[in-house]
Amino acid sequence: MNYLRNRARQTALAAIWVCVIISGPSKHAHADESTHAVTWSQIAAAVDALPVFAQQKQELNAERAVIDTEKSAPNPTAEISVARGHSDTEADTALEWGVALNIPLDWIVTRNARVSVAEASLRVREENRKLLKREILFELRSLFWQLVYAQEHTRMLNELLQQTNTLTQTIQTRVERGEARPMELTRVQLEFEKVALERDASQKKTETLAQKLEYWLGANKPVVAVGSLKPQEGVASLRETAPQLRTHPEILRAKSELDTATAQVRVEKKSRFPELSVTLFAENELDKTSIGAGIEFGLPLWNFQQGAIRRAESNAAAKKTEIEVITRRLQREFIDASGRCEASTYQAVQFELRIIPKVANVAAKTDRAYALGEASLLEVINAHRDVLETQTLLLETQLQARLDCSDLSALMSTED
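Residues numbered from 1 in each chain as written. Predicted model: local features only at pLDDT ≥ 70, side-chain atom pairs only at ≥ 80, totals over all residues. Heavy atoms only, no water.

S.K.: Can you lay out the pattern of salt bridges for me, pointing to particular residues and giving the numbers?
M.R.: Evaluation of the coordinates by the stated rule reveals 17 salt bridges. Close ionic contact of glutamate 159 with arginine 155 constitutes a salt bridge, the shortest N to O distance being 2.6 Å. Here arginine 155 and glutamate 159 lie together in helix H4 (residues 107–176), a separation of 4 residues that amounts to about one turn. Among the charged side chains, a network of salt bridges with common partners joins Asp336, Arg340, Asp404 and Asp407. (Salt bridge = Lys/Arg side-chain N within 4 Å of Asp/Glu carboxyl O. Helix = DSSP H or I, 4+ residues; strand = E, 2+ residues; numbered from the N terminus.)

What follows is the structure in structure tokens.
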């Protein structure tokens with residue numbers, strides 16, 4: 001009778017462990033009212049509301065103001081003079097005055113070129129904003145998936161810790177009844193402490209990542225990331241989006257910088273036009289009154305802007321070459337990112353299909369052998385430790401696939 005009762009207990013323990021093994025990680029983390037659950041799509045939609053982009057908006061407004069300034073005509077200058085005049089031949093005195101209005105005209109020659117420079121500078125600023133958004137999305141995407149991984153890992157360790165505690169209590173009861181050796185209790189208690197330490201470390205990591213994401217989002221509650229690490233299908237099709245590299249903000253920024261440099265060449269060439277202004281004047285003297293006009297212009301005798309023109313042309317040539325350099329670098333990065341995305345995704349999918357079932361099967365057989373008295377408790381603990389390590393490795397491969405494909409998404413400006 002005692003033998004049958006012991007066998008029933010062992011069979012029940014084995015069933016508990018098998019349930020833990022085959023349960024696997026859940027697809028989503030659960031959040032209650034005290035936490036703030038967020039998905040990646042919600043995070044991506046909230047990026048534009050970050051304070052850094054409010055700063056960028058003001059800087060763009062400042063660049064637009066520069067365009068308005070370049071379009072505006074410079075103000076004329078006025079000169080007024082008043083004097084008391086005395087005649088040399090007569091004893092007459094009178095109030096003499098003069099008024100002159102100077103209107104600059106040379107700005108008309110360079111106006112369009114300077115406006116082009118300002119407009120190209122604005123486009124550079126806009127592309128810089130897009131690049132900044134990509135960098136922030138990349139950092140948040142990486143942080144989000146790391147948090148999903150940490151949550152899943154902590155959940156797995158919590159479940160294993162609960163089951164280990166149940167096993168510890170059961171074996172302790174058996175030891176007290178003389179149905180098991182004290183060494184078995186020591187073994188399972190040691191395993192319980194190991195799992196507890198791992199759970200605590202994973203929990204601390206989860207809390208740290210959640211706090212970082214909470215800081216980014218400005219949330220007033222602890223953040224819980226809702227998502228599945230399981231790789232999505234069809235990531236290889238991202239290779240077909242290679243033509244989008246032509247619209248990459250880094251390339252568009254370089255093109256805008258080329259436009260700026262080209263417009264600056266026109267500015268320097270047009271600056272060879274002499275400084276020109278028209279003066280309108282009226283004078284009232286003791287013996288006469290004069291009204292007239294005059295022209296003032298500079299004489300380009302020593303400086304023909306040759307140095308400034310060559311410098312501007314060299315800068316434009318360098319920017320043109322830079323576009324080719326950036327394009328080739330992005331193409332190399334695309335090939336590398338797409339290759340890593342495909343490889344890590346394949347590894348994660350195949351690992352789950354080919355490795356996890358085998359490890360679970362070994363653990364189940366070990367449990368059955370233990371129930372039949374053909375395996376020791378140490379073998380059962382080792383089998384379950386293998387399951388935990390394998391499940392953790394699966395999470396790591398899935399996380400790596402997510403991060404590698406995030407690199408490709410950031411490069412191609414596509415969202416998960």
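S.K.: I'd like a rundown of the confidence of the model for the chain, residues and numbers included.
M.R.: A low pLDDT score tells you not to read the predicted coordinates there in detail. When the pLDDT values of the chain are averaged, the result is 82; 87% of them are 70 or greater. The lowest-confidence element of the chain is helix H1 (residues 2–23), averaging 42 in pLDDT; the highest-confidence one is helix H6 (residues 249–270), averaging 91. For the stretch residues 1–29, pLDDT sits under 50, and the model shows 51 contacts to residues farther than four places along the chain or on other chains. (pLDDT = per-residue confidence, 0-100. Contact = heavy atoms within 4.5 Å.)

S.K.: Describe the packing of aromatic side chains, naming the residues involved and giving the relevant values.
M.R.: One pass over the structure, following the stated rule, counts 2 aromatic pairs. Where tryptophan 40 meets phenylalanine 144, the ring centres are 6.1 Å apart and the plane angle is 45°; that geometry is what we call tilted. Of this pair, tryptophan 40 sits in helix H2 (residues 40–46) while phenylalanine 144 sits in helix H4, placing them 104 residues apart in sequence. Of the residues examined, phenylalanine 144 reaches a relative accessible area of 1% and is grouped as buried. Arranged with centres 4.9 Å apart and planes meeting at 75°, the rings of phenylalanine 144 and tryptophan 145 form a pair that is edge-to-face. Just as phenylalanine 144 is buried, tryptophan 145 falls in that class too. (Phe/Tyr/Trp six-rings, centres within 6.5 Å; stacked < 30°, edge-to-face > 60°. Buried < 20%, exposed > 50% of the residue type's maximum accessible area, 1.4 Å probe, protein only.)

S.K.: Give me the lowdown on the packing of H4 against helix H8 (residues 377–412), citing residues and values where you can.
M.R.: Interhelical geometry of H4 versus H8 gives an angle of 170° and a closest axis separation of 9 Å. Taken together, H4 and H8 sit at an angle that is classed as roughly antiparallel. Broken down by class, the residue content of the contact of H4 with H8 amounts to 16 nonpolar, 7 polar and 6 charged. (Axes fitted to C-alpha atoms, helices over the stretch in contact; angles between N-to-C directions. Parallel < 35°, antiparallel > 145°, perpendicular 65-115°, else oblique. Nonpolar A, V, L, I, M, F, W, Y, C, P; charged D, E, K, R; others polar.)

S.K.: Explain the state of the cysteines residue by residue, including any values.
M.R.: Between two cysteines, a covalent bond joining their sulfur atoms is known as a disulfide. Taken as a whole and assessed by the stated rule, the structure comprises 1 disulfide. Paired by a disulfide, cysteine 341 and cysteine 405 hold their sulfur atoms 2.0 Å apart. Where cysteine 341 bonds to cysteine 405 through sulfur, the torsion about that S-S bond is close to 90°, and the disulfide is right-handed. A residue pair is termed long-range when its members are at least 10 positions apart, and cysteine 341 in helix H7 (residues 306–371) and cysteine 405 in helix H8 qualify at 64 residues. Take cysteine 341 and cysteine 405: they sit in the same class, and that class is buried. (Disulfide = S-S within 2.5 Å.)

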